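# Per-entry structural report
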Amino acid sequence: MTDELAIEIDSIEQQIEIYILDLFESKETRQTLEGLRYLMDSCIKGGQYQKFNENLMHRLMKGLMLFTGKTEGHVLRKKSTLEANMAFFLFIDFLQQVEEFRGVINQLPVFELRDRLKIHLRCQSYSTETQRKGAITMIQLLLAYFPQCQEWQELIKAEEVNRVMMKSTLALSNTSSLLPPQALYFDQTIDKLKIMYPNSKTDAGLSTDLVQPLHDHYGYNKLPDPPKPSPFKIVWAQLSNFMVLILIAATVVEAAEKDFNSMSVLLAVIVLNTMIGFTQQWKASKTLNALMNLTVPKAQVLRDGKPSMVDSSDLVPGDIVVLEEGDAVPADLRLIEVSQLQVIESILTGESLPVQKRNAFMSTSVVRGRAKGVVVRIGKDTEIGKISTAIQQTSNSKTPIQIKLDRLGKYLVFLSFILCILVVGIGILWKKDVHDMINVGLSLAVSVIPEGLVAVTTVTMALGVRRMAANQCIVRTLPAVESLGSVTVVCSDKTGTLTEGKMGMSELWTAGDDTLYQFTESTSLDPEQGTILMHARKANSVTQTEEEETKEKLESIMNDSESTLMTPYDDKITVVQTEESYSCQLRYALMVSSLCNNSSVYRPEAKEWKALGDPTEIALTVAAEKGKLGRSYWQEQGFKKLYENAFDSERKLMSCVYGNEQENILLCKGAPEEVIKRCRFYWQEKELDEIVVNRVLQKSARMADGGLRVLALAYKKYSSGSSLDEYAEAELTFIGLVGIIDPCKTGVKEAISTCQAAGIRVIMITGDHVKTATAIATQLGQELDLLSQEAIVSLTSFPCVFARVSPDNKLKIVQALQKRGELVAMTGDGVNDAPAIKCADVGVAMGLAGTEITKQAADLVLLDDDFSTIVNAVEEGRHVFDNILKFIVYLLSCNGAEIFLMLICAIVNLDTPLTVMMILYANIIADIPPAIALGMEPKEVGLMKRHPRNPKQDVLSKKFHYSLESAQSLAFATITTLQLLHSFLSRSILQSVFVSGIFGNWWMIYAFLVSFSCLLAGIYTPGVSSWLELSFVDGTSWIMILCCCVVQVGLVEIQKWVVRRFNGKI
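Residues numbered from 1 in each chain as written. Predicted model: local features only at pLDDT ≥ 70, side-chain atom pairs only at ≥ 80, totals over all residues. Heavy atoms only, no water.

## Focus: the state of the cysteines
Using the criterion set out here, one finds 0 disulfides in the structure. Here C1043 is not disulfide-linked; the sulfur of C1044 is the nearest cysteine sulfur, at 7.0 Å. Judged by relative accessible area, C1043 falls into the partly exposed class, the value being 46%. (Disulfide = S-S within 2.5 Å. Buried < 20%, exposed > 50% of the residue type's maximum accessible area, 1.4 Å probe, protein only.)

Right, here's the structure in full:
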């Protein structure tokens, strides 16, 4: 019975696996969800099957989450799609029925459940009764099973809680005694953290009696030990190379024959090759060792009510850690008490500016203030730990040149083995001494192996490294030089690599008066540079007072897909000169820009202007300063900062409250779609309706389509005596949109064009909104986090832009491209980029913004962080491969002469013309110096107009561009034409054809024309050609045939000259 049950479970799991693949590929989604529903109702419900594969349940969860949050309808009245509701109720049933499904859900943070499930959409006034019941069931299940969920409000977006129509109050169920999983919990309040960690007191910490049980559950706060490189394994890997093995075998034989001179030369070649390979591989092992240096040795914690210093490895989730200025953070913390804390996260992100956040990550540094935090992640679950694990999991695959030379070595080994057997066999047939013939065979084998190949390859790549260093590119691993030449895809960060990384406010659009402003010299930090230009509307455009009277007309305009995205503006542009002439809308926009902001610009001692803060906020500050309404202006008006709700990636908003004696005002900026959901008005208490929302969304789309980063601005006024509890980000008044530009670097456009001409795809990776990214290329339709590796690999048209990309996504992109057969170069700067950089065929680190670990994981370091430098490096890589190919051909050609000489002497029973020592010496003096000179050959014209070499193609390959049918037709035409031509050459055995001529025998000419006409008829006559199985022979092929005819005439003329020279005796 048990066996039958196991078979049935396997069958169900196979069905689920098929449905999961269909979900990821978005194939007939509704039918797929109906199939899962049938499996649930007929086979899973009732607890008939107790165990399911945990990995399968994890992928099922990801697949369902692709659809649970799908919406349709207007931004102010969004509702779930039919497929979303089907996936939502399946999610509920799997939660209830399958323990393994609950286990994988338990690893998710609350904010992800909230964002993916979108429970609030099923609790609105317009939701159906079934949707409301489903939402309540989902919340009850999550509260019951998962300790990280304490209150139902946590599962609803904060701004939606008051709008949710809950049927009853949902209380916390204590049915679960699970310890909270390791997560950041940045979305949890301090009170909720206290409930999650009931044994941890903010003023006393944990009891020491609880530490060991927590260690048993969570483990220790240690980074996973990297595999230590074994010198013996590295040496063995070098000695086990096929080409080296045959040299070792030859060395042993020479030693046995007591030919110690030959033995010493061969041994020197082996040692040199081993030393070069060992040095390169030993350097590459330093990356993980550098990560180990990031661990913090000691931490200050509260235990048993008193502070103490403990080994950081002894920390457990729930420990209360005290941070002081100058400390390194010992684990990932959720901060609960903060006093002017500033942390530098350059070790993770590459940003050297201090930040203020709710979390502190392991190995980051406190530069100011103090804080107290609860440990939420330790060891391999920390951000640094995940990176360390990812780096260890990426294999050190061989570069293309290493693979190709290995393959060439195998061919040469095989050839030398065959030649040895052939020569020994021939010698035995001639009844020669076997011992002597083995020596001859050994000499022949040594002739095959180009002993100087490794040395010359190294020298050529080293010369390439020097040339690249002169062009702002430092190469850390020699083989990466050639790898660049074979790259088929370059994945590049947008900000700072493709663009300048200097942002400026390019446009400002105000909704109340429908006016567009442009800022000149926007990326210059100098407030005195640049002006504000106002584009006036045309006289016949819709005005604010007319809008109510022409509502129907305006609505038709907004719904017309053919209509323009902008209100028509006059060609007349007005320079806004003084702040007195500013409209009220412009004043409010500049007020939000300057005050809802933590950046600053300053000029130290009459030097160049400098900025401090986030680049986006700097752009807003500079714009306000250029408009003479900077922070100092508002401070002079008596405004003081009262409160700040900092930006976070979940809300996508930032708001500040400022006040003076007359009023308090809440200022808000953020993503347009998030700001507008919190707005009720847009001008002089006018209601924000769908018409205005459509207009705002169209303006936002226009700016994003132009490559601008778009932010929305809003405000709300309060009386001066309002309490802080009243300052909610709700019922705001919408001001307008700002478009922030990050200009492309000079030369980037030309560099990308060069890549396209060279057959190299450029994939842009950015954290910007998809619309901003698609100003340069196309967008990715699904969220990358929820796509499996297989789903990305199987994308029909692989995207050239990835938006909203996390560092984990970068690794997924690299692996997907490699599985598609691409050779990938990947750029990055932070430690969290290191796994993707190490996994890529060519990892590229930023020299200015990159961290030390990223540089150690990379193959190349760009000193100027410029994309054009990558393109120049690719060209140099192709140059290096060209030169390597040239001297390989040269070396094999030279050694080929030795092979034929030795082989012919063996066949005709002559004494061996060369000893092993002679061959070795000849290979050193005649091969290496000219080969090195070929390695210094200047680059050829049109190098970047070729397509990349196939990574799987050998170093020496036959280029065959014909199909089998075309090749057979070409061979038929060639041999027939040569035979017909030979009829003229056969008119005399001794005389040259140029003496005997071709017109002496007209019958020959007639016969030639008849035969050649039949040849042409057989090739080009329909019906006849198919009967003869011949295909079309093009003009290029006839040129090749003509060349063969010239060669034939030359060879026959040489033969006749030799015959005449010996008086016809031959």
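## Things to note about the pairing of strand β19 (residues 653-659)
Burial analysis of β19 places 7 of its 7 residues in the buried class, which makes it a mostly covered element. Neither face of β19 is open: one carries L653, S655, V657 and G659, the other M654, C656 and Y658, and all of them are buried. Strand direction decides the pairing type here: β19 and strand β20 (residues 663-670), joined by 7 bridges, are antiparallel. Looking at β20, one finds that S655 is bridged to C668. (Helix = DSSP H or I, 4+ residues; strand = E, 2+ residues; numbered from the N terminus. Pairing = 2+ DSSP bridges.)

## Points about the pattern of salt bridges
Within the structure shown, the criterion is met by 21 salt bridges. Of the charged contacts, one joins R377 and D332 as a salt bridge, the two residues approaching to 2.9 Å between their closest N and O atoms. A residue pair is termed long-range when its members are at least 10 positions apart, and R377 in strand β9 (residues 365-377) and D332 in strand β6 (residues 332-344) qualify at 45 residues. Look at R377 and you get buried, because its relative accessible area is 5%. On the accessibility criterion, D332 (0% relative accessible area) is buried. E687 serves as the salt-bridge partner of R680, at 3.5 Å between the closest nitrogen and oxygen. Residue R680 is classed as partly exposed on the basis of its relative accessible area of 37%. Note on E687: relative accessible area 46%, which makes it partly exposed. Put simply, R303, D314 and D319 are held in one network by salt bridges that share partners. (Salt bridge = Lys/Arg side-chain N within 4 Å of Asp/Glu carboxyl O.)

## A short note on the nonpolar core
Core analysis: the largest hydrophobic core is formed by 48 residues, its most contacted members being I16, L64, F101, I105 and I119. Breaking this core down by element, the ones donating at least two residues are α1 (2-24), α2 (29-44), α3 (54-68), α4 (82-97), α5 (99-105), α6 (110-117) and α7 (129-145). Excluding anything up to four places from it in sequence, F101 contacts M57, L60, M61, L64, F91, F94 and L95. Within the second largest apolar cluster, 40 residues are counted, among which are L412, M846, F887 and I888. (Core = buried A, V, L, I, M, F, W, Y, C linked by side-chain atoms within 4.5 Å. Contact = heavy atoms within 4.5 Å.)

## Notes on the sheet that holds strand β25 (residues 761-765)
The strand order across the open sheet formed by 7 strands is β10-β29-β28-β27-β11-β25-β26, and the pairing between neighbours is mixed. At either margin of the open sheet sits one strand with a lone partner, and together these are β10 (473-475) and β26 (801-802). Across 3 bridges, β10 lies against strand β29 (residues 860-862) in antiparallel orientation. Bridge pairing links V475 to L860 in β29.

## Some remarks on the packing of aromatic side chains
Tallied over the full model, the rule gives 9 aromatic pairs. Between F1012 and W1038, the aromatic rings sit 6.1 Å apart at their centres with planes inclined by 65°, giving edge-to-face as the arrangement. Separated by 26 residues along the polypeptide, F1012 in helix α37 (residues 1002-1020) and W1038 in helix α39 (residues 1035-1061) bring together distant segments of the chain. Feature note: the residues F91, F94 and F101 constitute an aromatic cluster, connected by ring pairs. (Phe/Tyr/Trp six-rings, centres within 6.5 Å; stacked < 30°, edge-to-face > 60°.)

## Brief notes about unusual backbone geometry
With a phi close to 50°, E521 is a non-glycine residue in the positive phi region. Residue position: E521 is located in the loop between β13 (515-519) and β14 (532-537). The backbone of E731 shows a phi angle near 50°, a positive value even though the residue is not glycine. Note that E731 resides in the loop between β23 (709-719) and β24 (732-741). The class of E731 is partly exposed, set by a relative accessible area of 42%.

## Details of the packing of α3 against α6
Interaxial distance between α3 and α6 falls to 8 Å at its minimum, and their mutual angle equals 50°. Judged by the inter-axis angle, α3 sits oblique to α6. Here K62, M65 and T68 of α3 lie close against α6, whose contacting residues are E112, L113, R116 and L117. Of the residues assigned to the contact of α3 with α6, the class counts are 3 nonpolar, 1 polar and 3 charged. (Axes fitted to C-alpha atoms, helices over the stretch in contact; angles between N-to-C directions. Parallel < 35°, antiparallel > 145°, perpendicular 65-115°, else oblique. Nonpolar A, V, L, I, M, F, W, Y, C, P; charged D, E, K, R; others polar.)

## A few points about the packing of α3 against α4
Running from amino to carboxyl end, α3 crosses α4 at an angle of 145°, the nearest separation of the two axes being 8 Å. Considering how the two elements wind past one another, α3 and α4 form a crossing that is left-handed. Together, M57, L60, M61, L64, M65, F67 and T68 of α3 and E83, A84, A87, F88, L90, F91 and F94 of α4 make up the contact between the two elements. The residue makeup of the contact of α3 with α4, split by class, is 12 nonpolar, 1 polar and 1 charged. (Left-handed = near helix turned anticlockwise from the far one by under 90°.)

## Looking at the confidence of the model for the protein chain
The predicted model of the protein chain has a mean per-residue pLDDT of 75, with 74% of residues at 70 or higher. Here residues 165-177 is modelled with pLDDT under 50, and outside its nearest four sequence neighbours on either side it reaches 26 contacts, counting other chains as well. Considering only residues more than four positions removed or in separate chains, one finds that residues 772-782, a stretch of pLDDT under 50, has 27 contacts. (pLDDT = per-residue confidence, 0-100.)

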